[in-house]
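Notes for the structure review
Chain by chain, the residues:
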Amino acid sequence: MALVTESKKAAAVNPLKMSQPLGASYAFMGLASCMPVMHGSQGCTSFGLVLLVRHFKEAIPLQTTAMNEATTIMGGYDNLEKALINIRTRAKPRLIAICSTGLTETKGDDVEAFIKLAYERHPELNDTAVVYVSTPDYVGAFQDGWAAAAAALVAKLPRQDEPKVAGKVAVLPGCHLTPGDIEELREIIESFGLQPVFAPDVSGSLDGHIPDAWLGTTLGGTALEDLQALGGAQHTIAIGEQMRAAAAALQARCGVPYTMFDRLTGLTASDALIKFLAQLSGKPVPAKLRRQRSQLVDAMLDGHFHFGNVKVALGAEPDLLWSAGNFLAEMGAELSVCITTTKSPLLERMPTGEVLIGDLEDLERSAQAAGCDLLMTHSHGRQAAQRLNKPLFRLGIPTFDRIGNSHICHVGYRGSRNFVYEVGNLLMDQIHHASPDDWPLTPAARAAAAGLAQPAAASDDVAEIGL
């Protein structure tokens, strides 16, 4: 059992975590024809917008209520009302999703009452759904914001009298899953004849495609109609401890039972998912999945030589920390340093001695003290890796100095195999290859190799021994 502690520093240095509003906005981007809105100042929204643009290399729809000093003191209703009307008139989204910020949370704006009043005053809003979630950025982290947004969606939008549909499965993915991960899971679930509905579904909106026409809203994701019909699912699959609350909310509202998978990376975790899907569908495991399992086992055999006894410093959101850390431990690596961003029931079960809720300075100092061989975190860890002269495996958001982030896949048999190969190849690059400098030649040998006359000292030595 790991000891979970929190950093007691007065300020974060090179922060690891990101805010709740950003996590909620990211979740809302997994909804079709949606306009995410941060109820706060322009700076909060601009920061989140730039971060997501740099990671996905895509246009990101994100609006703000543009609070200033005066409106913060007087209350934000006027700004929220104007934002709703302008967005409805110009972008025409099916759904407007609002999250709070530290500014409006500190003021204490009653946003739910604001939305109700806006509906009463402006009947033209009746064709647009509006969802609000409280996400103060002075507590929690990115994962908490995503989880709160997902729980708000399933607690409000699904119809309670929706008839059940055989084979329909609601899938609630955590923020640690990439668009590529969700695509892989969709293919796996559909291979059993089931009909998955992902909510949110960033694989439809942030998978790096070119749209046929420009839209001011999100370019794909879970449609509003699918969210409203979510109660017709036969079962819910929640992926990540962060999604437990959302799955419980859907069960309470619509009576849909759920099963939670705390991770889907690794052989054991993937086997558990495949076994569950076979039981749920009543169908045998497809041959292609059996083949993929065999390929993963072979990859683990090939890779364990390079993972064994490698000391890893891992910094990530709790669910991503749990997923990657456990598979690394199964491959024989040692989790010497584990840094995360927020509390989670999983942290005490991590296969390490201590988990610290801290920042990237804590990761760097701890990795140096422990003599770690590999750092794993997002792109803001690159300076620490450079200072320590250690390799960095980029993991999580933001990864702004690489392309193709939408298509990274580390779940299921194929994704786990990819993880083994990617990390294993990075570790192989660190293997020392012998060169002539490892066995320095004597001056005489160097002269002989160059075809030059031997130095005088060397000639005298030869004469003395009678050669």
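Just so it is clear, the model here is predicted, and its values are computed rather than measured.

Criteria and thresholds
- Residues numbered from 1 in each chain as written.
- Predicted model: local features only at pLDDT ≥ 70, side-chain atom pairs only at ≥ 80, totals over all residues.
- Heavy atoms only, no water.
- Helix = DSSP H or I, 4+ residues; strand = E, 2+ residues; numbered from the N terminus.
- Buried < 20%, exposed > 50% of the residue type's maximum accessible area, 1.4 Å probe, protein only.
- Contact = heavy atoms within 4.5 Å.
- Areas by Shrake-Rupley, 256 points an atom, 1.4 Å probe, with all protein chains shown as cover.
- Lys, Arg positive; Asp, Glu negative; His and termini not counted.
- Charge placed at Lys NZ, Arg CZ, Asp CG, Glu CD.
- Expected span 1.5 Å × (residues − 1).
- Salt bridge = Lys/Arg side-chain N within 4 Å of Asp/Glu carboxyl O.
- Pairing = 2+ DSSP bridges.
- 1 Å grid on protein atoms, 1.4 Å probe; cavity = no way out; pocket = protein on both sides within 12 Å on 5 of 7 lines; lining within 4 Å.
- Points joined across faces, edges and corners; volume = space filled by probe spheres on them.
- Nonpolar A, V, L, I, M, F, W, Y, C, P; charged D, E, K, R; others polar.
- Axes fitted to C-alpha atoms, helices over the stretch in contact; angles between N-to-C directions.
- Parallel < 35°, antiparallel > 145°, perpendicular 65-115°, else oblique.
- Left-handed = near helix turned anticlockwise from the far one by under 90°.
- Core = buried A, V, L, I, M, F, W, Y, C linked by side-chain atoms within 4.5 Å.

**A word on the overall build of the protein chain**
When helices and strands are counted, the protein chain shows 18 helices and 14 strands. Expressed as a percentage of its 467 residues, the buried residues of the protein chain come to 54%. Considering only intrachain contacts with a sequence separation of at least 6, the fraction spanning at least 24 residues in the protein chain is 73%. Just so you have it, the protein chain exposes about 20,700 Å², and 54% of that area is on carbon and sulfur atoms. Charge separation in the protein chain, taken as the distance between the mean sites of 39 positive and 50 negative side-chain charges, equals 5 Å.

**With respect to helix α8 (residues 179–190)**
Look at α8: 17 Å from first C-alpha to last across twelve residues, which is about the 16 Å you get at 1.5 Å a residue. The buried fraction of α8 amounts to nine of the twelve residues, a majority that puts the element mostly inside the structure. When α8 is considered as a whole, its buried residues turn out to be Pro 179, Gly 180, Asp 181, Ile 182, Glu 184, Leu 185, Arg 186, Ile 188 and Ile 189.

**Some details on the pattern of salt bridges**
In total, this model carries 19 salt bridges according to the counting rule given. In this structure, Arg 414 and Glu 187 form a salt bridge, with 3.1 Å as the shortest nitrogen-oxygen distance. Highlighted residues: Arg 414 in helix α16 (residues 412–428) and Glu 187 in helix α8, separated in sequence by 227 residues. Judged by relative accessible area, which is 24%, Arg 414 ranks as partly exposed. Here Glu 187 falls in the partly exposed class, since its relative accessible area comes to 33%. With its nearest N and O atoms 2.8 Å apart, the salt bridge here joins Arg 387 to Glu 364. Here Arg 387, found in helix α15 (residues 382–388), pairs with Glu 364, found in helix α14 (residues 360–370); they are 23 residues apart in sequence, far enough to count as distant.

**Structural notes on the pairing of strand β5 (residues 129–133)**
Judged by how many residues are buried, β5 sits mostly within the fold: five of five residues are covered. Where burial is concerned, the two faces of β5 agree: the one with Ala 129, Val 131 and Val 133 and the one with Val 130 and Tyr 132 are both buried. Judged from the five bridges that link them, strand β4 (residues 95–100) and β5 form a sheet pairing that is parallel. Bridge pairing in β5 links Cys 99 to Val 133.

**Examining helix α1 (residues 20–28)**
Counting buried residues along α1, nine of its nine residues qualify, which places the element largely inside the surrounding structure. Among all positions of α1, only Gln 20, Pro 21, Leu 22, Gly 23, Ala 24, Ser 25, Tyr 26, Ala 27 and Phe 28 are buried. Residues of α1 that are buried make contact with β2 (34–39), α2 (42–56), β4, β5, α7 (142–156) and α8.

**Some words on unusual backbone geometry**
Following Ala 199, the chain continues to Pro 200 via a peptide bond in cis, the omega torsion being -5 degrees. You can see Pro 200 is positioned in the loop between β7 (195–198) and α9 (224–228). The amide bond that connects Ile 397 to the next residue, Pro 398, takes the cis arrangement and shows omega of 5 degrees. Mapped onto the elements, Pro 398 comes out in the loop between β14 (392–394) and α16. The phi torsion at Lys 57 lies on the positive side, around 55 degrees, for a residue other than glycine. Assignment of secondary structure puts Lys 57 in the loop between α2 and β3 (63–64). Positive phi, close to 55 degrees, is recorded for Ala 66, a residue that is not glycine.

**Focus: empty space enclosed by the protein**
Summed over the entire model, instances satisfying the criterion amount to one cavity of 30 Å³ or more. In this structure, the largest cavity spans a volume of roughly 40 Å³. Lining the largest cavity, in full, are Ile 188, Leu 264, Ser 270, Leu 273, Ile 274, Gly 412 and Tyr 413. Looking at the lining of the largest cavity, the elements with two or more residues in it are α11 (267–281) and α16. Here the lining of the largest cavity gets three residues from one element, more than from any other, and that element is α11. Residues that form the lining of the largest cavity fall into these classes: five nonpolar, two polar and no charged.

**Description of the packing of helix α13 (residues 318–330) against α16**
In contact at an axis separation of 12 Å, α13 and α16 are set at 70 degrees when each is read in the N-to-C sense. Here α13 lies roughly perpendicular to α16, going by the angle between them. Two packed elements cross with a definite hand, and for α13 against α16 that hand is right-handed. Here α13 contributes Ala 324, Phe 327 and Leu 328 to the contact with α16, which in turn contributes Ser 416, Phe 419 and Val 420. Residues of the contact of α13 with α16, tallied by class, amount to five nonpolar, one polar and no charged.

**As for the sheet that holds strand β10 (residues 311–315)**
If you trace the six strands from one edge of the open sheet to the other, you get β1-β12-β11-β10-β13-β14, paired in parallel fashion. In this open sheet, the two edge strands, each paired with only one partner strand, are β1 (3–6) and β14. Going across the sheet, the axis of each strand differs from the next one's by a mean of 20 degrees, ignoring polarity. Here strand β11 (residues 334–340) pairs with strand β12 (residues 354–357) via two bridges, running parallel. Across the sheet, the residue bridging to Ile 339 is Leu 356, located in β12. Each of β10, β11, β12 and β13 (374–377) is contacted by α13, which is oriented at about 175 degrees to β11, the strand it contacts most.

**Concerning the nonpolar core**
Ranked by internal contacts, the top residues of the largest apolar core, which has 109 residues, are Phe 28, Leu 277, Val 312, Leu 374 and Met 376. If you tally residues by element for this core, the top one is α7, at eight residues.

**Details of the packing of α1 against α7**
Helices that pack against each other are described as a pair by the angle of their axes relative to one another and the distance between those axes. It is the contact of α1 with α7, at a shortest axis distance of 6 Å, that shows an interaxial angle of 45 degrees. The angle between the axes of α1 and α7 places the two elements in the oblique class. The way α1 lies across α7 gives a crossing that is right-handed. Contact residues: α1 offers Gln 20, Leu 22, Gly 23, Ala 24, Tyr 26, Ala 27 and Phe 28, while α7 offers Phe 142, Asp 144, Gly 145, Trp 146, Ala 149 and Leu 153. In the contact of α1 with α7, the residues fall into nine nonpolar, three polar and one charged.

Just geometry here; none of it tells us what the structure is for.
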